[in-house]
Every structure is written in structure tokens, then in C-alpha cells.
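Structural features, examined
The residues making up each chain are set out below.
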Amino acid sequence: MTYATQPTASHFINGSYVEDTAGTPIEVIYPATGKVIATVHAATPAIIEQALDAAKAAQKAWAAISGTERGRILRRAAEIMRVRNHDLSVLETWDTGKPYQETSVVDATSGADALEYYGGMAATLTGEHIQLGENWVYTRREALGVCVGIGAWNYPTQIACWKGAPALACGNAMVFKPSETTPLCALKVAEILHEAGLPAGLYNVIQGMGEVGGALVTDPRVNKVSLTGSVPTGRKVYAAAAAGIKHVTMELGGKSPMIVFEDADIENAVSGAILGNFYSSGQVCSNGTRVFVHTAIKEAFLARLSERLGHAVIGDPMDPETSFGPMVSRRQLDIVLGYIEKGKAEGARLVTGGAAIEGAGFFLQPTVFADVTDDMVIAREEIFGPVMAVLDFEDEADVMARANDTEFGLAAGVFTRDLARAHRVAAGFEAGTCYINTYNDAPVEAPFGGMKASGVGRENARAAIEHYSQLKSVFVRMDDVEAPF
Ligand code: NAD
């Protein structure tokens, strides 16, 4: 195995690595072997205090420099990330178990894209001028202040950058808490940002479980909270932020539909279904896990899907040939196995997979159920693992009603050669991120986020700027002030 440079301490505060061994130890387990590869310590109240103090103290001076200067630092950080892509990808593989084949092209690279994109945008952030006769109003786009980012474990580097880059571009400071399951990568993001010239205190990383996240969210110094996590956590964090009238971005879970019409290119639809169910071993929030396939092509679709799943290379994530890695943790493996048992018990037809793979690590076979009905648990709840549910349909109006009959609204996809139908269906989806003849693309240039219970606000694109800045209106009178007395 090629060794990545590990972070040297648990936290990164005010421009340096910081340790406090009084915090609860958190073991970092390599999912491919089940072995402990590092131990970090949860933030103690003293560490939380240090991080928030540092952020608060640094933010105003950062917001006062020009966007061009802020952007230059972010772009420099993007360059460093790209140069270190190999090391960062190895670390991401250790943290998550995702194959190097994926991490080397998706994780640090998409983080670098965000730093580069917002680095370019920082200089363009402006208010506007509104003429009112001889008088006028201008708006100033101002930073929010101290932003808290809380991450999930499936894309640790990407999440740290998708939150950090727009926050910093707008002149905010950030305190980021990664998932306790994958604590390592965000520390490297902090290290690189500071190496690129980011002044101390503007991007801090502290470790911990939900309590540390909770302490950050309720602190009066914090102006905004951006969470990537499950819907139940989102409800708690949103409620806690609401008590302090704080800005929020909520990137939460989903149970997204993918509809494959009878005229679809089957090979492309199968590719989309594979990307939308088995990439990152199915641990992707926007996955299209309810695959509605028209009955006319259902058996052909299932046959080709099973054949192609046979080509998945399951094994050592560091082997560049490996295309399917383990689940992130024993806990997640057990949760997904529990759903597979529910699927079997409820009468879904197991087409392929369905079992854990013997040996070290948390490996699970890619699993496909057919003849799934809308009321089954595996069609209603987010599984967050490599389990695809294939459902039958015949009529467009009927399948649209079923596709939207869920509390979630993160993503949705349609495969068809009929252009009018494709756009009609996309317009009808109650989901924030929709795909026509593709699935799970997430370029930084496009807004990403959910409707309904899947989220509030958007990440990426210019849209994210709205969620990391606020407008101040300044009224200017050129003539005399008229008063009633
Ligand atoms: P999770 O909800 O268990 O935890 C997410 C984060 O919230 C962790 O850092 C956790 O420590 C923290 N947390 C937990 N309780 C908290 C509390 N009371 N206050 C503050 N912070 C708290 O999610 P997970 O298991 O780490 O990740 C999987 C979930 O994330 C899935 O539901 C998935 O769909 C979702 N996700 C969404 C997106 C998106 O962009 N929409 C992206 C990735 C993952």
C-alpha cells in the first residue's frame, strides 16, 4: 500500500494542529480490513471554545480584504490539492473504504473544483444599485460571520470543500466538524488552505460526535449552520439553529426515483442505474434507489444489469482495478443487511447479491431486488447501501404519482428517447436535482440540493452564494428630507 501523509493531531485550530487527549477517543477503522488505522479525540469544551474564538476573531479582517485576494488563496489551495491528489485519495480511501479508482478521480478533485470555482467567483461578488429618481439605494453583499459545517461520512473531502469554499469566498470563517466515522480528510483540507495563505482562524476543524455538533449549532457566536447528514439529524439541527434564528443549509437523505421508459437505450439506463446505486458501494445521498422499469423492457433490463454487475471487481480498495469497495463501517453493513432481510421477508424477488462477503472488512454484494412494490420498506426508507429496488410500471401519469409519493425530494432521473416526455417528467419531479438520460453527475457549476424533507438551500453554483452571504440595503437621499412637523 502507498502510504498517505496522515494528519498529525485531532483538530486544526487557528492555523495549527491541536491535540487534547482529554477528549473521548474515536478510532478510525479502515473498512477493508476492520483494523484501526488512527485514533483522534473528540473536542472537549475547551477545544470548541478555542475554535469558535479563533473563527470569530479572524472573520472581520478576512471579510474586509478584496474578493480578488480571498479568491487567489482559494485558487492556490485548489492547485495544491490537485498536486497532492494521490496522497489525498489514499487518505480518503483509508477514511471511507471507497476504491482508489473512485477517490483518485472524484473526491479531492471535486473539492479542488469547488475551491477553484469559488476562488474565481470571489472577485465578482457585488451588490446592486437601484435608482429612485434623484435618490438611490445600493446593496452590499456581506458575509454572515462564523459558519459551522457538519459533514457526513461518504464524501469527507468533498463536503469539507463544498461548504468551506463558498463560505470563505463570501468572507466568512468556518468551524467544520467531520463525521466521527471519517475524521481524517477535512484536517488535510484545513492544512492545505493555510499552506495556500489562508490567515489563521478562518477554517478550523474539530472532531466529535453529535454532541460536539450540537454545541457548535447552539453557540451564539455562530451565524450559519450547514449540515450534510440524514433527515432525522437534519430535523434536530434545523430546530436547534431555528432557536437562535440562524441561517441553515440542510443537505439530507433521499429515496430517489429513476424511471426507465420502454423506449430508453437499455445500455445507458443500466449504466445510470449502476452509477445511481453501486458507486461508492451505494453510499450516495442522491442515489436513484427506486428504479421504475417499464414492464415491456423489465426482463431485458434485469438480465443486462445482472450480467454487468458480474463485472464488478470487489476487493482491496487500493488496487486500481477494484471498482467496488466495502461499506464504511460494521454498523452500516449491519443496517443494510437488515434491509435486505426485510426485502426478502416482504416478498421482493432477489435477483442478485443479498449477502455479506466472508472475510475481513465490511464487504457486501451488490444487491438487486425486483418485483418491489411501493409499500415495501425497501422502497420507502433510505438504505444507504448497494441495494437497488426495481419496480414495474406501464403508465406515465401513474409512475409520476408513485415517484413523487415520498417525503424525500433530493434527486430523480428519467431515461427515454422521447424529448418531450423527458422534459415533462423532469418538470413533474418533486426533487431538487434531476437527470435526463444520465444519473448522479454533480459538477460544481450546477446547484445541488433537495426539496421536501431532503433539504433546505443549495450547494454549488452561484446559488450557494445566497446561502453564505446577506444583503444590506443602504438608502441615499440627495435632496432634502421631508418630515411632517
Ligand atoms: P448522520 O445524520 O448520522 O450524521 C451527519 C453528521 O451530523 C455527523 O457529523 C454527526 O456527528 C452529526 N450529528 C449527529 N447528530 C447531531 C446533532 N444532534 N447535532 C449536530 N450534529 C449532529 O449522517 P451520516 O450517517 O453521517 O451520513 C449519511 C446521511 O447523510 C444519509 O442520510 C445521506 O443521505 C446523507 N447525505 C446527504 C448528502 C446531501 O448532499 N444531500 C450528501 C451526503 C450524505
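In case you missed it, the structure is sitting above this.
Residues numbered from 1 in each chain as written. Predicted model: local features only at pLDDT ≥ 70, side-chain atom pairs only at ≥ 80, totals over all residues. Heavy atoms only, no water.

Notes on the sheet that holds strand 16 (residues 387-393)
Think of a sheet as strands paired side by side through backbone hydrogen bonds, with each pair either parallel or antiparallel. How we decide: By definition, two strands form a pair when at least two bridges between them are found by DSSP. Runs of H or I in DSSP of at least four residues are treated as helices and runs of E of at least two as strands, each being numbered from the N terminus. Lines are fitted to the C-alpha atoms to define the axes, a helix being fitted only along its stretch in contact, and any angle between axes, read from their N-to-C directions, falls within 0 to 180 degrees. Note on contacts: a residue pair qualifies if any of its non-hydrogen atoms lie within 4.5 Å across the two residues.
On the basis of which strands lie adjacent, the open sheet formed by 7 strands has the order 14-15-16-13-12-17-18 and mixed pairing. The sheet terminates laterally at strand 14 (349-352) and strand 18 (433-436), the two strands that pair on one side only. Taken over all neighbouring pairs, the strand axes of this sheet differ in orientation by 20° on average, direction set aside. By the bridge criterion, 3 bridges tie strand 14 to strand 15 (residues 367-370) in an arrangement that is antiparallel. Residue threonine 352 lies in a different strand from strand 15, and its bridge partner there is valine 368. Sitting on the sheet, helix 14 (residues 419-428) is in contact with strand 12 (257-260), strand 17 (411-415) and strand 18, with an inclination near 170° to strand 18.

A closer look at helix 14
Which entries qualify depends on this criterion: Using a 1.4 Å probe on the protein chains alone, a residue whose accessible area is under 20% of its type maximum counts as buried, one over 50% counts as exposed, and one in between counts as partly exposed. In this description, one arc is meant: the one made by directions from the helix axis to the C-beta atoms.
The complete set of buried residues in helix 14 reads Arg421, Ala422 and Val425. Buried residues of helix 14, seen end-on, are gathered within an arc of 105° and therefore sit on one face of the element. Residues Leu419, Ala420 and Ala427 are exposed on helix 14 and point more than 90 degrees away from its buried face. On its buried face, helix 14 sits against strand 12, helix 13 (396-404), strand 17 and strand 18.

Re the site of the ligand
So the rule is basically this: Near, as used in this document, describes a residue that has one of its heavy atoms within 4 Å of the molecule or strand being considered. Two N or O atoms count as a polar contact when they lie within 3.5 Å, although within protein this holds only if one can serve as hydrogen donor and the other as acceptor, and sequence-adjacent residues are included solely when both atoms are side-chain atoms. Each accessible area is a Shrake-Rupley estimate made with a 1.4 Å probe; only the visible protein chains count as cover when residues are assessed.
Close to the ligand lie 28 residues, the nearest being Gly151, Glu180, Ser230, Thr233 and Glu382. One nitrogen or oxygen atom from the side chain of tryptophan 153 is found 2.9 Å from an oxygen atom belonging to the ligand. Leucine 252 places a polar main-chain atom, nitrogen or oxygen, 2.8 Å from a nitrogen atom of the ligand. Against a free-state accessible area of 850 Å², the protein chains account for coverage of 86% of the ligand. Listing elements by their share of the shell around the ligand, those giving two or more residues are helix 7 (210-218), strand 10 (222-228) and helix 8 (231-243).

Considering a nonpolar patch on the surface
For the record, the criterion: Note on patches: the residues involved have over 30% relative accessible area and no salt bridge, like charges join within 9 Å, and the nonpolar side chains Val, Leu, Ile, Met, Phe, Trp and Tyr join within 5 Å. Just to be clear on terms, a salt bridge is a Lys or Arg side-chain nitrogen sitting within 4 Å of an Asp or Glu carboxyl oxygen.
Together, Ile130, Leu132 and Phe475 give the surface a local cluster of nonpolar side chains, amounting to about 310 Å² of exposed area. Positionally, phenylalanine 475 belongs in strand 20 (residues 469-476).

What to know about the packing of aromatic side chains
Put simply, the rule reads: Within 6.5 Å between ring centres, the rings of Phe, Tyr and Trp (the latter by its six-membered ring) count as paired, and their orientation is classed by plane angle as stacked under 30 degrees, edge-to-face over 60, tilted in between. Geometrically, a lysine NZ or arginine CZ counts as sitting over a ring once it is within 6 Å of the ring centre and also within 35 degrees of the ring normal.
In total, this model carries 8 aromatic pairs according to the counting rule given. Geometrically, the ring pair formed by phenylalanine 176 and tyrosine 203 is stacked, given 6.5 Å between the ring centres and 15° between the ring planes. Taken as a pair, phenylalanine 176 in strand 8 (residues 173-177) and tyrosine 203 in strand 9 (residues 203-205) lie far apart in primary sequence, 27 residues in all. Accessibility assignment for this pair places phenylalanine 176 and tyrosine 203 in one class, buried. Pairing tyrosine 435 with tyrosine 439 gives two aromatic rings, centres 4.7 Å apart and planes at 45°, and the pair type is tilted. For the pair tyrosine 435 and tyrosine 439, one class covers both residues: buried. Against the face of tyrosine 468 rests lysine 224, its NZ or CZ located 4.4 Å from the ring centre. Note that arginine 421 overlies the ring of phenylalanine 261, its terminal NZ or CZ placed 4.0 Å from the centroid.

Brief notes about unusual backbone geometry
Non-glycine residue phenylalanine 384 carries a positive phi angle of around 60°. On the secondary structure map, phenylalanine 384 appears in the loop between helix 12 (377-380) and strand 16. In this structure phenylalanine 384 comes out as buried when scored by relative accessible area, which is 16%. One non-glycine residue, asparagine 437, lies in the positive phi region at around 55°. Within the secondary structure layout, asparagine 437 lies in the loop between strand 18 and strand 19 (455-456).

Examining the pairing of strand 6 (residues 135-143)
Across 4 bridges, the pairing between strand 5 (residues 129-132) and strand 6 is antiparallel. Counted as the bridge partner of histidine 129 is tyrosine 138 from strand 6. Following strand 5, the chain reverses through 2 residues before pairing antiparallel with strand 6; glycine 133 in that reversal takes a positive phi of roughly 65°. Looking at chain direction, strand 6 and strand 20 are connected through 8 bridges and run antiparallel. When the bridges of strand 20 are listed, tyrosine 138 appears paired with valine 474.

Focus on the side chain of lysine 255
As a reminder, the rule being used: For the purpose of counting charges, residues Lys and Arg are taken to be positive, whereas Asp and Glu are taken to be negative. His and the chain ends are not included.
Examined against the element boundaries, lysine 255 turns out to sit in the loop between strand 11 (247-251) and strand 12. Buried and unpaired, lysine 255 has no salt bridge, with glutamate 382 as the nearest side chain of opposite charge at 8.3 Å. A polar side-chain atom of lysine 255 sits 2.8 Å from the main-chain carbonyl oxygen of isoleucine 378. Among the polar contacts listed, one links the side chain of lysine 255 to the backbone oxygen of glutamate 381, at a separation of 3.0 Å.

What to know about the pattern of salt bridges
A side chain of one charge can pair with a side chain of the opposite charge when the charged atoms of the two come close. Evaluated as defined, the whole model comprises 31 salt bridges. Here arginine 221 ties to glutamate 49 by a salt bridge, and the two come within 3.0 Å at their closest N and O atoms. With a gap of 172 residues between them, arginine 221 in the loop between helix 7 and strand 10 and glutamate 49 in helix 1 (residues 45-64) connect regions that are remote in the sequence. For arginine 221, a relative accessible area of 18% corresponds to the buried category. Its relative accessible area of 37% is what places glutamate 49 among the partly exposed residues. A salt bridge links arginine 84 to glutamate 195; the shortest N-O distance between them is 2.5 Å. Within this pair, whereas arginine 84 is found in the loop between helix 2 (67-83) and helix 3 (85-96), its partner glutamate 195 is found in helix 6 (residues 185-195), the two being separated by 111 residues in sequence.

Notes on the packing of helix 3 against helix 6
For clarity, the cut-off: Oblique is the label for any angle not under 35 degrees, not over 145, and not in the 65 to 115 range, which are roughly parallel, roughly antiparallel and roughly perpendicular in turn. In this count, Pro and Cys sit with the nonpolar residues alongside Ala, Val, Leu, Ile, Met, Phe, Trp and Tyr, while Asp, Glu, Lys and Arg are called charged and the others, Gly among them, polar.
At a closest axis distance of 9 Å, the pairing of helix 3 and helix 6 adopts a crossing angle of 155°. What the angle tells us is that helix 3 and helix 6 run roughly antiparallel. Packed against helix 3, whose contacting residues are Leu88, Leu91, Glu92 and Asp95, the element helix 6 presents Cys185, Lys188 and Ile192 at the interface. When the residues that make up the contact of helix 3 with helix 6 are grouped by side-chain class, the tally is 4 nonpolar, no polar and 3 charged.

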